[in-house]
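Next come the chains, spelled out residue by residue.
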Amino acid sequence: MTWIRITEIANIPLREGRKVAVGPHEIAIFNMGDRFLAIQNQCPHGQGPLADGIVSGNSVVCPLHGWKTCLESGQVQRPKDLRECVRSYPVRVEDGIVLLQIEDRADAGGKPAERMCTA
Amino acid sequence: MEKLIVIGNGMAGVACVEQILKHAPKFDITIFGDETHVNYNRILLSSVLAGEKEMDDITINGLDWYQSNSIGLRLGVRITGIDSAAKTVTGDDGSVTDYDKLLIATGSTPFIPPVPGAGKEGVFCFRNLDETKALLERAKPGIKAVVIGGGLLGLEAARGLQVQGADVTVVHLMDRLMERQLDPVGGLYLKRMIEDMNVKVLLNKSTTEILGNGHLEGLRFKDGETIDADLLVIAAGIRPNVELGRKAGLNVQRGIVVNDFMETSDPDIFAVGECVEHNGVVYGLVAPLYEQGKVLAATITGNRGPVYKGSISAAKLKIMGIDVYSAGFFDDTVAGVESIRYEDPAMGVYKKLVLKDGCLAGVILVGDVTDSHRYTEWLKSGADLSKDRKNLLFPGSSPDKGLDIAEISDAETICGCNGVTKGDIVSAVHAKGIQTLAQLKECTRASTGCGSCTSMCQSLLRAVVPEFEEERKKVLCGCVPFSQENLREMVRSQQLKSVQEILDIYGNGAGCEICKPALSYMVDMAWCGDHEEDRSARFINDRVHANIQRDGTFSVIPRMRGGVTTPAELRRIADVADKYNVPMVKVTGSQRIDLLGVKKEDLPKIWADLGMPSGQAYTKGVRMVKTCVGTTFCRFGTQDSITTGIELERRLENLFTPHKTKMAVVGCPRNCAESTVKDIGLVGQEGSWQVVVGGAAGKNVRKADLLITVEETADALRAAELFFQYYREQANYLERTYDFVERLGMEKIRKETVYAPPPVQEALLTRLAKAKALSKDAWSERDTPANPTQFVQIQPLETVAL
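Just so you know, these numbers come straight off a predicted model, no measurement behind them.

Colleague: What exactly am I supposed to notice about the overall build of chain A here?
Modeller: When its secondary structure is counted, chain A shows zero helices and eleven strands. What you see in chain A, going N to C, is helices and strands ordered as β-β-β-β-β-β-β-β-β-β-β. A buried classification covers 54% of the 119 residues belonging to chain A. Excluding contacts between residues fewer than 6 apart, the proportion of contacts in chain A whose partners are at least 24 apart in sequence is 41%. As displayed, chain A offers around 5500 Å² of accessible surface, 46% of which is attributable to carbon and sulfur atoms.

Colleague: I'm lost on the pattern of salt bridges in this one. Help?
Modeller: Oppositely charged side chains can form a pair if their charged atoms are brought close together. Residue and element names in this part refer to chain B. Following the criterion strictly, the structure yields 52 salt bridges over all chains and no others. A salt bridge links lysine 351 to aspartate 368; the nearest nitrogen and oxygen atoms lie 3.6 Å apart. One end of the pair, lysine 351, is in strand 25 (residues 349-356); the other, aspartate 368, is in the loop between strand 26 (359-366) and helix 9 (372-381), and 17 residues separate them in sequence. The class for lysine 351 is buried, based on a relative accessible area of 2%. The class of aspartate 368 is partly exposed, set by a relative accessible area of 23%. Note that glutamate 649 is salt-bridged to arginine 559, the shortest N-O span being 2.6 Å. Taken together, the residues glutamate 649 in helix 21 (residues 641-652) and arginine 559 in the loop between strand 30 (554-556) and helix 18 (567-579) connect sequence positions 90 residues apart. Per residue, the accessibility class of glutamate 649 equals that of arginine 559, and both read buried. Each of Glu533, Arg535, Arg538, Asp542, Lys776 and Glu781 takes part in salt bridges that share partners, so that together they form one network.

Colleague: When you look at the interface of chain A and chain B in this model, what are you seeing that I'm missing?
Modeller: Buried accessible area, meaning the area lost when the parts come together, often serves as the stated size of an interface. Taken together, the contacts link 34 residues of chain A with 33 residues of chain B. The three residues of chain A that bury the most area against chain B are Arg15, Asp52 and Ile54 of chain A, which together make up 24% of that side's buried surface. Counting the contacts that link chain A with chain B gives four salt bridges. The salt bridge partner of arginine 78 of chain A is glutamate 513 of chain B, with a shortest N-O separation of 2.9 Å.

Colleague: I would appreciate a short explanation of the confidence of the model for chain B in the present structure.
Modeller: Detailed reading of the predicted coordinates is not advisable wherever pLDDT falls low. Residues and elements named next belong to chain B. Here chain B averages 90 in pLDDT, while 98% of its residues score no lower than 70. At the low end of the mean pLDDT range in chain B sits helix 10 (residues 401-407), at 63; at the high end sits strand 34 (residues 661-666), at 98. Overall fold confidence for the complex sits at a pTM of 0.56, while the interface term, ipTM, reaches 0.90.

Colleague: Explain the sheet that holds strand 9 (residues 88-89) of chain A here, please?
Modeller: By way of backbone hydrogen bonds, the strands of a sheet pair with one another, either parallel or antiparallel. Strand order across the open sheet formed by four strands is 2-3-4-9 (chain A), with antiparallel pairing between neighbours. Looking at which strands have only one partner, the edges of the open sheet turn out to be strand 2 (17-22) and strand 9 of chain A.

Colleague: Is there a simple way to explain helix 25 (residues 758-774) of chain B in this structure?
Modeller: Residues that lie three or four places apart on an α-helix share one face, since the helix turns once every 3.6 residues. Between its first and last C-alpha atoms helix 25 of chain B spans 24 Å; for 17 residues at 1.5 Å apiece the expected length is 24 Å, and the two agree. Summarising the contacts, the buried residues of helix 25 of chain B are in contact with helix 21, helix 22 (713-730) and helix 24 (746-752) of chain B.

Colleague: Before we go on, may I ask you to explain the packing of helix 22 of chain B against helix 23 (residues 737-744) of chain B in this structure?
Modeller: Geometrically, a packed helix pair is captured by the angle between its two axes and the distance between the axes. Residues and elements named next belong to chain B. Running from amino to carboxyl end, helix 22 crosses helix 23 at an angle of 80 degrees, the nearest separation of the two axes being 11 Å. Between helix 22 and helix 23, the interaxial angle falls into the category roughly perpendicular. Contact with helix 22, carried on its side by Phe723, Tyr726, Tyr727 and Gln730, involves Thr737, Phe740, Val741, Arg743 and Leu744 of helix 23 and no other residues of that element. Split by residue class, the contact of helix 22 with helix 23 holds six nonpolar, two polar and one charged.

Colleague: Looking at this structure, I do not really get the packing of aromatic side chains. What am I missing?
Modeller: Two measures describe an aromatic ring pair: the distance that separates the ring centres and the angle between the ring planes. All names here are of chain B. Counted under the stated rule, the structure contains twelve aromatic pairs over all chains. With 5.7 Å between their ring centres and 35 degrees between their planes, tyrosine 521 and tyrosine 733 make a pair best called tilted. You can see tyrosine 521 sitting in helix 16 (residues 515-527) and its partner tyrosine 733 sitting in the loop between helix 22 and helix 23, a full 212 residues away along the chain. The exposure class assigned to tyrosine 733 is buried, which follows from its relative accessible area of 13%. Relative to tryptophan 779, the ring of tryptophan 607 lies with its centre 5.0 Å away and its plane at 5 degrees, an arrangement referred to as stacked. Taken together, the residues span a long stretch of sequence, with tryptophan 607 in helix 19 (residues 603-610) and tryptophan 779 in the segment after helix 25 at a distance of 172 residues.

Colleague: Honestly, helix 12 (residues 437-444) of chain B in this entry has me stumped. Any pointers?
Modeller: Residues and elements named next belong to chain B. When helix 12 is considered as a whole, its buried residues turn out to be Leu437, Leu440 and Thr444. Viewed end-on, helix 12 has its buried residues packed into an arc of 55 degrees, placing them on one side of the element. Of the surrounding elements, those touching the buried residues of helix 12 are strand 28 (420-421), helix 11 (422-432) and helix 13 (454-464). Arginine 445 sits one or two residues past helix 12 and shows a positive phi near 70 degrees.

Colleague: Would you mind showing me how to read the nonpolar core here?
Modeller: It is characteristic of soluble globular proteins that their nonpolar side chains tend to be buried jointly. Counting 52 residues, the largest nonpolar core has Ile7, Ile82, Val89, Leu102 and Ile104 of chain B as the members making the most contacts within it. Listed in part, the 46 residues of the second largest apolar core include Ala145, Leu177, Tyr189 and Ile322 of chain B.

Colleague: Could you clarify how one ought to interpret the environment of arginine 341 of chain B in this entry?
Modeller: All names here are of chain B. Tracing the backbone through its elements, the reader meets arginine 341 in strand 24 (residues 337-344). By relative accessible area, arginine 341 is classed as partly exposed at 46%. With 22 residues separating them along the chain, arginine 341 and valine 363 place their C-alpha atoms 9.9 Å apart.

Cut-off values and rules
- Residues numbered from 1 in each chain as written.
- Chains lettered and ligands numbered in written order.
- Predicted model: local features only at pLDDT ≥ 70, side-chain atom pairs only at ≥ 80, totals over all residues.
- Heavy atoms only, no water.
- Helix = DSSP H or I, 4+ residues; strand = E, 2+ residues; numbered from the N terminus.
- Buried < 20%, exposed > 50% of the residue type's maximum accessible area, 1.4 Å probe, protein only.
- Contact = heavy atoms within 4.5 Å.
- Areas by Shrake-Rupley, 256 points an atom, 1.4 Å probe, with all protein chains shown as cover.
- Salt bridge = Lys/Arg side-chain N within 4 Å of Asp/Glu carboxyl O.
- Buried area = accessible area lost by both parts, 1.4 Å probe.
- pLDDT = per-residue confidence, 0-100.
- Pairing = 2+ DSSP bridges.
- Expected span 1.5 Å × (residues − 1).
- Axes fitted to C-alpha atoms, helices over the stretch in contact; angles between N-to-C directions.
- Parallel < 35°, antiparallel > 145°, perpendicular 65-115°, else oblique.
- Nonpolar A, V, L, I, M, F, W, Y, C, P; charged D, E, K, R; others polar.
- Phe/Tyr/Trp six-rings, centres within 6.5 Å; stacked < 30°, edge-to-face > 60°.
- Arc of directions from axis to C-beta.
- Core = buried A, V, L, I, M, F, W, Y, C linked by side-chain atoms within 4.5 Å.

Shown next, in the form of structure tokens:
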């Protein structure tokens, strides 16, 4: 699996998110200060742009209707007890560049691309 | 009726008169005061300097109190002589007044160290309302202020000056701050907290000269060092005013000597407060004067019996976020005395209890004063604590909540600022049927001062009032569990200039979509541009200055002041709509044009092509001023609503408000632009304007309340501005004007805006002007974005086939 060079870290301001399209994937990358996190950009509720949300701890709040999603696991945390989730992506930083790892279908052994949450 | 003359219109004299009035009427009372103000709460001057209270807020007894109690009041007259043989007093206005009984309550004056240059312009004391006023005028952001004296008053002055924006240094002669109340370790903890507040502290510094040619330029110290200063406050202690006592031939030592009945050596002369000496002790704090006043009132009215046995000196520093409490005796180097200590440097908590013969003799609390009342009670009661020593440092609360309250004696002062005892509160509850904290404040004034006794008052009410309803503390949100009022104060006093800082210090460090925008607003209001705006704490609309729509696109509404446009503007709008394939162009309810379905990356280009400023239709801020055509065209118009509306919009545009603010100006009472359902509306009529506020036509429908009727257009605009700024400062975030006016009541709002004293009005308008000067058209970020990817989508550095 390859790491894809996305952008310079300065392009994602502290505690904000930015949208990036990689092939068919629309991904929101967040600068958490001590690390970067990435999840699928569409909120499972109304497809709201999660990159435009307010960061709350390790979660992001969708700007449209306030659903709250964990940036680490992709699990929806509000409303409670929903089994909804979005895909999360591994991120690392190298030489001031944010890199993403995106599992493609072949790597996933023919399974659906979205890594389902465990809830 | 006998004639009672009171020299001194301060807290001690008037509190004593209040006690005298509780006895059977016996006196024809006249009070002389050398200040020109009615009786006010001197210990709250620091709150005035810190901007927490207005000068009017600290009045204890207004003129109506003197009148209704038939008390003669002679303000601005200093008594210069007492003839105890002829039983007369002489004033500096030449008046001679005779008395049957005389009460000296002259208090004390600041001690000015004998340093050359102390008379220079720019050198102040901080002891009365006029000095406070003068300090407020001088203390401006950036000026260098020095406070000589690191005691209670000096530190409170330093904090007040720092809140006003001054660069403050405290210069103290001794090796630690508040050395009369703290031991060396406590002093160290306090110093750290004061320095964290951005106030510099210089210890062991003896000032030898005040520099400057006519007006102050700096200070020179004994060690030869110098410091620059634009403003100097001397708070190096107080000296009792005993001169009159000497002139009257009384026994005077450090203070005017009184016995346990508060009698002086002359049977017709009494003295109370800071000017007296009882058992060799002169008190400089507030609680003793109430205790003395009660005894004196009994003695002077012929009910001699109660005795004054001295007070425990208990001092509390009134600086938000810096908790210091000290009472009794704390020198543990004396034989027979032992101390128990607790220190937590990380939390900044220091506690020290001094025990003598198993009883508490003194206590120092820094950083955590929650148990101060219990310690005070133990000090007073002399309870034997030898059995329970291991719990002394953390007494906790007993399982029976009522027990703590029951343990307090009726005579104990609950509210030190206003001298209200537990007994006063309990009897007020029974006599007046008090059920809420608000009623208690109204009836007894308890908890209206520094507020440190509020929880105590609540516990008392809970224990005494069967149907007491807890006033639910409305906290902003779970992330930062304080009321918005408290938070506003914290932001200001602790100089918090970023949302994250507030969350890190007072909250859970994370924050959420509720508190972050609210804190953003508070920081912006408090520092008004003099801070780093944290865009990440703001809703997406305020990051890109457009309103997010259900599909993630944005809507663009340019400002169209008063709803007036031009053919050229309309052409540009039409061209933009074509060029960017805007899916919908719509006329809004606000007399403006909305371009809907715009992509984020097109926003800056569209703004540039429009060449119009932002209409702020996406934010909690000034939306618009709707107008009717008024006298410009309408045959019924009585006022020029278009010009006035455009002017109002120009004056307020680009400013943020607690919630959206919609306005309208109409030229006649037919109200075609619906002023009466707007947050602020002007309704023109023949020869005058009505200014109305708090209207709504959204989720709620509410007819606006009349603020004021004025003849001149300029006055109508001014009234609108006064209300606007008042709402900006006083409302909670997300509180619309219609809730705001109902919460505060129009009477209070009028009193604090359009009917406020001229300086208060000017101050509101000055703050508005400052904010306006720092505001800018949000759409100017089309040329200077806040960050490089504010509007553009990130393009990956490499493409990969997936």
